[in-house]
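# Results of the structural survey
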Amino acid sequence: MRKKVVLITGANGEMGHGLIQYLAENTDVNIVALDVTPLDKCLRPLCSTYIVGDILDQMLLGRLVVEHEIATIYHLASILSTKAEYNPETAHRINVEGTLNLLRLATEQSQWQGISVKFIYPSSIAAYGIPTLKEKSDAGSVTEEAYNHPTTMYGCNKLYCEHLGRYYNSYYRQLSADCGTNQTVDFRAIRFPGLISAETIPTGGTSDYGPELLHAAAKGEDYNCFVRPDTTLPFMVMPDAVKALVLLEDAPKNRLSQYVYNITSFSLSAQQIFDIVQKAFPEANIHFAVDECRQKIVDTWPEQVNDSAARRDWDWAPDYDCERSFNQYLIPAIKGRYSL
Ligand code: AKB
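Residues numbered from 1 in each chain as written. Predicted model: local features only at pLDDT ≥ 70, side-chain atom pairs only at ≥ 80, totals over all residues. Heavy atoms only, no water.

Moving on: the site of the ligand. Around the ligand, the surrounding shell consists of Leu80, Ser81, Ser124, Ile125, Tyr154, Gly205, Thr206, Ser207 and Trp301. Here a nitrogen atom of the ligand sits 2.9 Å away from a polar atom, N or O, in the side chain of Ser207. In isolation the ligand exposes 260 Å². Once the protein is present, 91% of that is buried. Of all the cavities here, the one that holds the ligand is the largest pocket. Across the shell around the ligand, the residue classes tally to 4 nonpolar, 5 polar and no charged. (Near = heavy atom within 4 Å. Polar contact = N/O pair within 3.5 Å; in protein donor to acceptor, adjacent residues only side chain to side chain. Areas by Shrake-Rupley, 256 points an atom, 1.4 Å probe, with all protein chains shown as cover. 1 Å grid on protein atoms, 1.4 Å probe; cavity = no way out; pocket = protein on both sides within 12 Å on 5 of 7 lines; lining within 4 Å. Sits in = over half its atoms within 2 Å of the grid points. Nonpolar A, V, L, I, M, F, W, Y, C, P; charged D, E, K, R; others polar.)

And the structure:
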């Protein structure tokens, strides 16, 4: 029997690293990795094919459809929130047009194979836009439908691509003569909180003060945290993020009652992160130097999200609470990494 083929875009990013390692260790799939930069050497032996290329390159995507019978696409490639604000139109091209290209590829593959290609899409808490700090603290645990008024290009892109996915899943070419006879894509999205990995440092995000602070302390580098100490966001460690992607991919379609799911693990203020990190790395030289513009963005993102739909529909539960995340994963792994 032919092995299942899984396409991962943005394979070189921090989520790509975690996902490729997990799939290679725990499953028997052929991984086709796509990224604009050459794939990290440590990931290459884990993939059956790795391609340096752009998700905006239609010829490249056309070749991919011909050469591989893809069962699942994890579309991880995107320009994160801070970087996107420096060049919003470029971000829109990559985040939206890139996603559209992949949805089209998935649709063609679904039609040819007669089986829906699964399209797993990481969305984000950036899809929310809470207007004031008072509302943010009063909002409590925010459901998927609330406050869908993002203030960043990245957040707008994520929210819109959630809708595009829903469209391609359920309404694609709804007026064409053959509508209803062709397989469509099976679109599933997760709104991730801020992610923290022991292996990689993200680039271009606005929740990045969490991982940056931790990695800088472990490396003995000075760090200026760019948000106020009271700034609170939901966070999650990378093993749980990868677990969520794989769990949602594996969930029976008939159990899914929505296209987009919140997930979360723990919420912390920047001060709480600082305290944990300072205790683990007493020599750390970390200060708060607020960047008002980036602060404004984080102030529109919820302190907590409600993930009861994910828990109900696909048995989501994080393996790492705050204590375990720092004491059993992040701190030991990061200490090991930088002491080498
Ligand atoms: C970012 O800060 O842009 C991302 C996100 C919250 O999606 N980490």
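Structure shown, so let's carry the discussion forward.
Note that Gly53 resides in the loop between strand S3 (49–52) and helix H2 (58–67). Overall, the relative accessible area of 13% leaves Gly53 in the buried class. Measuring from C-alpha to C-alpha, the distance between Gly53 and Ala177 comes to 35 Å, with 124 residues separating the pair along the chain. In this structure, Gly53 is in contact with Leu34, Asp35, Val36 and Leu60, ignoring residues within four places of it in sequence. (Helix = DSSP H or I, 4+ residues; strand = E, 2+ residues; numbered from the N terminus. Buried < 20%, exposed > 50% of the residue type's maximum accessible area, 1.4 Å probe, protein only. Contact = heavy atoms within 4.5 Å.)

Moving on, we get to the layout of surface pockets. By volume, the largest pocket amounts to about 1,100 Å³. What lines the largest pocket is a set of 44 residues, and nearest its centre among them are Gly13, Leu76, Ser78, Leu80 and Thr203. In terms of residue count, the dominant contributor to the lining of the largest pocket is helix H1 (residues 14–26) (4 residues). Tallied by class, residues from the lining of the largest pocket come to 20 nonpolar, 18 polar and 6 charged. Here the second largest pocket defines a volume of roughly 300 Å³. Taken together, 17 residues form the lining of the second largest pocket, with Lys3, Lys4, Val5, Glu69 and Ala71 sitting closest to its centre. (Points joined across faces, edges and corners; volume = space filled by probe spheres on them.)

Over its 18 residues, helix H6 (residues 153–170) extends 26 Å from the first C-alpha to the last, a length consistent with the 26 Å expected when each residue adds 1.5 Å. The set of residues buried in H6 consists of Tyr154, Gly155, Asn157, Lys158, Leu159, Cys161, Glu162, Leu164, Gly165, Tyr168 and Asn169. Buried-residue contacts for H6 involve helix H3 (81–86), helix H4 (88–113), strand S5 (118–124), strand S7 (186–192) and strand S11 (260–262). (Expected span 1.5 Å × (residues − 1).)

With that settled, the discussion passes to the sheet that holds strand S12 (residues 266–269). The strand order across the open sheet built from 3 strands is S8-S10-S12, with neighbouring strands paired in mixed fashion. Both outer strands of the open sheet, strand S8 (194–196) and S12, are each paired with one neighbouring strand and no more. On average, adjacent strands in this sheet sit at an angle of 45° to one another, irrespective of strand direction. Here 3 bridges tie S8 to strand S10 (residues 232–237), and the two strands are oriented parallel to one another. Considered in S10, the bridge of Ile196 is made with Val237. Across the sheet, helix H12 (residues 322–339) lies against S8, S10 and S12, angled at about 85° from S12, the strand it touches most. (Pairing = 2+ DSSP bridges. Axes fitted to C-alpha atoms, helices over the stretch in contact; angles between N-to-C directions.)

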